[in-house]
Amino acid sequence: EMTRKFIGGSTTVLLLLGVIALVSSLHAQDKTSRNTWTWNNSDDGKKIEVSVENKIEFNDDYSDVASIPGDGELRIYDSRSAHTFKLVVTAAPNGGLRRDYWVDGQVRSFDAQARAWLRGVLLQAAREGGLDAKNRVERILRQRGTRGLIDEIAYVKGDYVRRVYFEALLQSPGVSNQDLKAALKNASTTIIGDYERAQLLIQIAKPFLANRELLANYFETVNRIGSDYEHGRVLAAPGRRQPVHGV
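Owing to the predicted nature of the structure, the values given are computational and were not obtained by experimental measurement.

The rules we used
- Residues numbered from 1 in each chain as written.
- Predicted model: local features only at pLDDT ≥ 70, side-chain atom pairs only at ≥ 80, totals over all residues.
- Heavy atoms only, no water.
- Helix = DSSP H or I, 4+ residues; strand = E, 2+ residues; numbered from the N terminus.
- Buried < 20%, exposed > 50% of the residue type's maximum accessible area, 1.4 Å probe, protein only.
- Salt bridge = Lys/Arg side-chain N within 4 Å of Asp/Glu carboxyl O.
- Contact = heavy atoms within 4.5 Å.
- 1 Å grid on protein atoms, 1.4 Å probe; cavity = no way out; pocket = protein on both sides within 12 Å on 5 of 7 lines; lining within 4 Å.
- Points joined across faces, edges and corners; volume = space filled by probe spheres on them.
- Nonpolar A, V, L, I, M, F, W, Y, C, P; charged D, E, K, R; others polar.
- Pairing = 2+ DSSP bridges.
- Axes fitted to C-alpha atoms, helices over the stretch in contact; angles between N-to-C directions.

Draft legend 1. Structural view of the environment of Arg108. With respect to the helices, strands and loops of the structure, Arg108 is situated in the loop between strand S8 (106-107) and helix H2 (112-129). Judged by its relative accessible area of 45%, Arg108 is partly exposed. Once the C-alpha coordinates of Arg108 and Phe85 are considered, the two residues, 23 residues apart in sequence, prove to be 9.9 Å apart.

Draft legend 2. Fine view of the pattern of salt bridges. This model, assessed by the stated rule, comprises 16 salt bridges. When the shortest N-O distance is used, the salt bridge between Arg139 and Asp60 registers 3.6 Å. On the criterion of sequence distance, the pair formed by Arg139 in helix H3 (residues 133-153) and Asp60 in the loop between strand S3 (57-58) and strand S4 (65-67) is long-range, its members being 79 residues apart. Residue Asp60 is classed as exposed on the basis of its relative accessible area, which comes to 53%. Across the salt bridge formed by Lys157 and Glu128, the nearest N and O atoms sit 3.7 Å from each other. Pair noted here: Lys157 is in the loop between H3 and helix H4 (159-170) and Glu128 is in helix H2, with a separation of 29 residues, a long-range link. Connected through shared salt-bridge partners, Asp64, Arg99 and Arg115 make up one network.

Draft legend 3. Summary view of helix H7 (residues 215-222). Among the residues of H7, those classed as buried are Leu215, Asn217, Tyr218, Thr221 and Val222. Looking at the buried side of H7, the elements it contacts are helix H5 (177-190), helix H6 (194-209) and helix H8 (228-236).

Draft legend 4. Up close: the layout of surface pockets. Approximately 410 Å³ is the volume attributed to the largest pocket. Secondary structure elements with two or more residues in the lining of the largest pocket: strand S1 (36-43), S3 and H3. Looking at the lining of the largest pocket element by element, the count peaks at 6 residues for H3. Along the lines of polarity and charge, the residues of the lining of the largest pocket split into 7 nonpolar, 5 polar and 7 charged.

Draft legend 5. Looking closely at the sheet that holds S8. With respect to topology, 6 strands assemble into an open sheet ordered S1-S2-S5-S6-S7-S8, the strand pairing being antiparallel. The outermost strands of the open sheet, each flanked by one partner alone, are S1 and S8. In terms of strand pairing, strand S5 (residues 73-78) meets strand S6 (residues 85-91) through 6 bridges, oriented antiparallel. From the neighbouring strand, Leu74 faces S6, where its bridge partner is Val89. Across the sheet, H2 touches S1, strand S2 (46-53), S5, S6 and strand S7 (97-103), and the angle it forms with S1 is around 100 degrees.

Draft legend 6. How the structure looks around the pairing of S7. Taken together, the 7 bridges between S6 and S7 define a ladder with antiparallel strand orientation. Bridge pairing in S7 links Val88 to Asp100. The antiparallel hairpin formed by S6 and S7 contains 5 residues in its connecting segment, where Gly95 sits at a positive phi of about 95 degrees. Where S7 meets S8, 2 bridges bridge the pair, whose relative direction is antiparallel. Considered in S8, the bridge of Trp102 is made with Val107. From the end of S7 to the start of S8, which pair antiparallel, there are 2 residues, and Asp104 there has a positive phi angle of about 55 degrees.

Draft legend 7. View of the side chain of Gln199. Mapping Gln199 onto the fold places it in helix H6. In contact with Gln199, not counting residues within four places along its chain, are Arg163 and Arg233.

Here you go:
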C-alpha cells in the first residue's frame, strides 16, 4: 500500500512538472512570435535605443504615437545628453495610451518638454533606423507626392532605409523619366552595399526594363555591383526576364 501511494504521488508530481514545462514552452513560443523592431546607436558611452514590439500606429508627422491597437509597446532609452531619459508607451485599459516616463531614474510627467524630446527621437529613428519605413513612405507619397519623397530621401541614412525609400519612389506612378533617372543615379551612389543595391534593382526591374529610355541607366547601376554573386542574382531574378517593349 505504501508503494502504491508513493507511485501515485510520483505520477502526480511528474504530471505537474509536465504541465509546467508545457506552459513555459508555450509562453516562450508566444514571446518569440512577437514582432520586434529595434534601432540603437552608441558613441563614446552615449546610447540611444528605440524598440517597437508588435503593432504601433504613429501620427502623420511621426512626432508621437497615435494609438496601440493591441499589446504593442514602444520603449526608448536615451543617455546621449547630460540626463538619461526612458519612456515606455503601452495601451491603456480605456483604449488610450499609457506613458511611463523617467528622467535620471525618477518618474516624471510627460510634459511639453518630454513631447519635444520624443518628436526628435522618433524623427531620428525614422530617418536613420527605418522606423515604420514602408508605412512612412506611403504617407509621404500621399501627403507630399514624389517631390516630397525625393526631398525626404536627402535626410535618410543607412543602406536599408535608403533602399526602402528609393524602391517606393522608383515604382511610383506619374514619376517622369528624368526624375527616375536622377533618383536611380542617386540610389546607385548613396546605397553602398551590394546586397541592398541588388534588392533595389530586382524590385524595380519590371518597370525599368519595360521603358527603352531607362534601360541604359538600369544596366549602368547593375554594373556598379562589385559582388559577382549579387550581380548574378540581379540578372537571374524573375523580374529581369520581362520583355523590353519595343525591342
